[in-house]
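The primary structure of each chain is shown beneath.
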Amino acid sequence: MIMTAMGTPAIEILGLTKDYSVGFWRKRARRSLDNLTLQVQEREVFGFLGPNGAGKTTTLKLLMGLIFPTAGTARIRGKSIDDVRMHREIGYLPEQPYFYDYLTARELLDYYARFSGYSAVERGERVERFLERVGLAAAGNVQLRKFSKGMLQRAGIAQAILHDPQVIFLDEPMSGLDPVGRREVRDIILDLKKQGRTVFFSTHILSDAEMLCDRVGVLAGGKLQGVGTPSEIVSVEVHAMEILFEPRDNRALPTALAGRATHMGGRYRVEVPETELYGALDSLRSTDARILSVSPVRPTLEDYFLRLVGGAQEKSRGVEVMSR
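Below, the structure is looked at part by part. Treat the numbers as computed from the prediction; the structure is a model and nothing was measured.

Quick look at the environment of Asp 34 now. Position of Asp 34 among the secondary structure elements: in strand S2 (residues 28-40). The spacing of Asp 34 and Gly 55 is 21 residues in sequence and 9.0 Å in space, taken between C-alpha atoms. Excluding residues within four positions of it along the chain, Asp 34 makes contact with Leu 16, Thr 17, Gly 222 and Lys 223.

Moving on to unusual backbone geometry. A positive phi angle, near 55 degrees, is found at Arg 77, a position not held by glycine. Tracing the backbone through its elements, the reader meets Arg 77 in the loop between strand S4 (71-76) and strand S5 (79-80). Unusually for a residue other than glycine, Asp 164 sits at a positive phi of about 55 degrees. Mapped onto the elements of the fold, Asp 164 is located in the loop between helix H4 (149-161) and strand S7 (167-171). Relative accessible area serves as the criterion here: at 27%, Asp 164 is assigned to the partly exposed category.

Moving on to the sheet that holds S5. Pairing between the strands of a sheet is mediated by backbone hydrogen bonds and can be parallel or antiparallel. If you walk across this open sheet you meet the four strands as S2-S1-S4-S5, and the pairing is antiparallel. Only two strands of the sheet have a single neighbouring strand rather than two, namely S2 and S5. When strand S1 (residues 11-22) meets S4, the two strands line up antiparallel, connected through five bridges. Looking across to S4, one finds that Thr 17 is bridged to Ala 71. The strands touched by helix H1 (residues 56-64) within the sheet are S1, S2 and S4, with S1 carrying the most contacts at an inclination of about 115 degrees.

Right, let's get into the packing of helix H2 (residues 105-114) against H4. The N-to-C vectors of H2 and H4 enclose an angle of 25 degrees; their axes lie 9 Å apart at closest approach. In this view, H2 runs roughly parallel relative to H4, as classed from their interaxial angle. The handedness of the crossing between H2 and H4 comes out as right-handed. Contact residues: H2 offers Leu 108, Leu 109 and Tyr 112, while H4 offers Ala 155, Ala 158 and Gln 159.

So, about the pairing of S4. As paired strands, S4 and S5 are joined by two bridges and run antiparallel to one another. Looking at S5, one finds that Arg 75 is bridged to Ser 80. Turn length for the S4-S5 hairpin, with the two strands adjacent in sequence and antiparallel, is two residues, and the turn residue Arg 77 shows positive phi of about 55 degrees.

Further remarks concern the packing of aromatic side chains. Throughout the structure, instances matching the rule amount to eleven aromatic pairs. An angle of 50 degrees between the planes, with centres 5.7 Å apart, marks the rings of Phe 169 and Phe 200 as tilted. Linking Phe 169 in strand S7 with Phe 200 in strand S8 (residues 198-203), this pair joins segments that are 31 residues apart in sequence. Of the two residues, Phe 169 and Phe 200, neither departs from the other in class, the shared state being buried. Here a set of aromatic residues connected by ring pairs shows up, and it is made of Tyr 98, Phe 99, Tyr 100, Tyr 102, Tyr 111, Tyr 112 and Phe 115. Between Lys 18 and the ring centre of Tyr 20, over which it is positioned, the NZ or CZ distance is 5.2 Å.

Looking now at the packing of H2 against helix H3 (residues 120-133). Interaxial distance between H2 and H3 falls to 9 Å at its minimum, and their mutual angle equals 125 degrees. In terms of their interaxial angle, H2 and H3 are classed as oblique. For H2 against H3, the interelement crossing comes out right-handed. In contact with Ala 105, Arg 106, Leu 109, Asp 110, Ala 113 and Arg 114 of H2, H3 contributes Arg 123, Val 127, Glu 128 and Leu 131. Looking at the contact of H2 with H3 residue by residue, the class counts come to five nonpolar, no polar and five charged.

This next bit is on the nonpolar core. Grouped together as the largest cluster of nonpolar side chains are 40 residues, with contacts concentrated most on Leu 49, Phe 147, Ile 157, Leu 170, Ile 189, Val 199 and Phe 201. Those residues in contact with Phe 147, other than ones at most four positions away along the chain, are Ala 105, Leu 136, Ala 139, Val 142, Leu 152 and Ala 155.

Next up on the list: the side chain of Arg 123. Tracing the chain through its elements places Arg 123 in helix H3. Residue classification places Arg 123 among the buried positions, given a relative accessible area of 12%. The residues touching Arg 123, leaving out its near neighbours within four places in the chain, are Asp 110, Ala 113, Arg 114 and Tyr 118.

Attention now goes to the pattern of salt bridges. One pass over the structure, following the stated rule, counts 29 salt bridges. When salt bridges with common partners are traced through the structure, they connect Asp 19, Arg 31, Asp 34 and Lys 223 into a single cluster.

What counts and how
Residues numbered from 1 in each chain as written. Predicted model: local features only at pLDDT ≥ 70, side-chain atom pairs only at ≥ 80, totals over all residues. Heavy atoms only, no water. Helix = DSSP H or I, 4+ residues; strand = E, 2+ residues; numbered from the N terminus. Contact = heavy atoms within 4.5 Å. Buried < 20%, exposed > 50% of the residue type's maximum accessible area, 1.4 Å probe, protein only. Pairing = 2+ DSSP bridges. Axes fitted to C-alpha atoms, helices over the stretch in contact; angles between N-to-C directions. Parallel < 35°, antiparallel > 145°, perpendicular 65-115°, else oblique. Left-handed = near helix turned anticlockwise from the far one by under 90°. Phe/Tyr/Trp six-rings, centres within 6.5 Å; stacked < 30°, edge-to-face > 60°. Lys NZ or Arg CZ within 6 Å of the ring centre and 35° of its normal. Nonpolar A, V, L, I, M, F, W, Y, C, P; charged D, E, K, R; others polar. Core = buried A, V, L, I, M, F, W, Y, C linked by side-chain atoms within 4.5 Å. Salt bridge = Lys/Arg side-chain N within 4 Å of Asp/Glu carboxyl O.

Put into structure tokens, the structure is as follows:
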């Protein structure tokens, strides 16, 4: 990929590939990640999208050095993932973290702060600051076993950012959270962005990706299917035109639109092909209807995601049939 004026990417992935051996007697290789090449710039919130089994967690584990690639490599802030100094630059929250649940949130963060070499005074100040930052100051002395899922996620994010890393990796941070918990985690990610941190998070909750991300990448079948801003990748085509209108004096709707219009209170909504827009507007004007708005109906990020994933699955089935 071409380097931009923003300088060295925060994350640079180069041909990253991972094969696993499967089977008991006659083992064979199964490719979990296939030649992934990707850049994430400094200060960017990047969403890594894909269905279960797409290779998202494998990618994060490779970047963290928890497993080793079959081929390819990656750099984080200019340092190879083989360089142990790289870990000073990053924070990580796995999808299903296991914390010692007999500890309190304050004790947990103090435990993790020790790995960064802070003195007792520094640890105390830092723990209090980050408990406050993730909204757990009042629950600092409560054992983790008594925390809700959302509170555990906030504690996990606190441990990931406790040492002020420049790049934060979050694996499915919204998974299993209720709407309140998701809102809390979203607010933390937005706060990290305001501070100039780079956030790379995997998710299959597309509404969160649309709300938070500067760019997203879609992974399916271990392959990167597309990368772009949410607005770019869904603005390629217009599905239809939406007309919102109010009839005058309870007049009947135009015959051409009556079967397609949806009643919403005192208003109606109708979708027409772009080529039929002016004819539909002329029909509404003939009944003196009040036209409230006309807007294009574009595909959502979910539509784009499903189309790419569906295409990848069809290709995968085709390869499987040919190999039989």
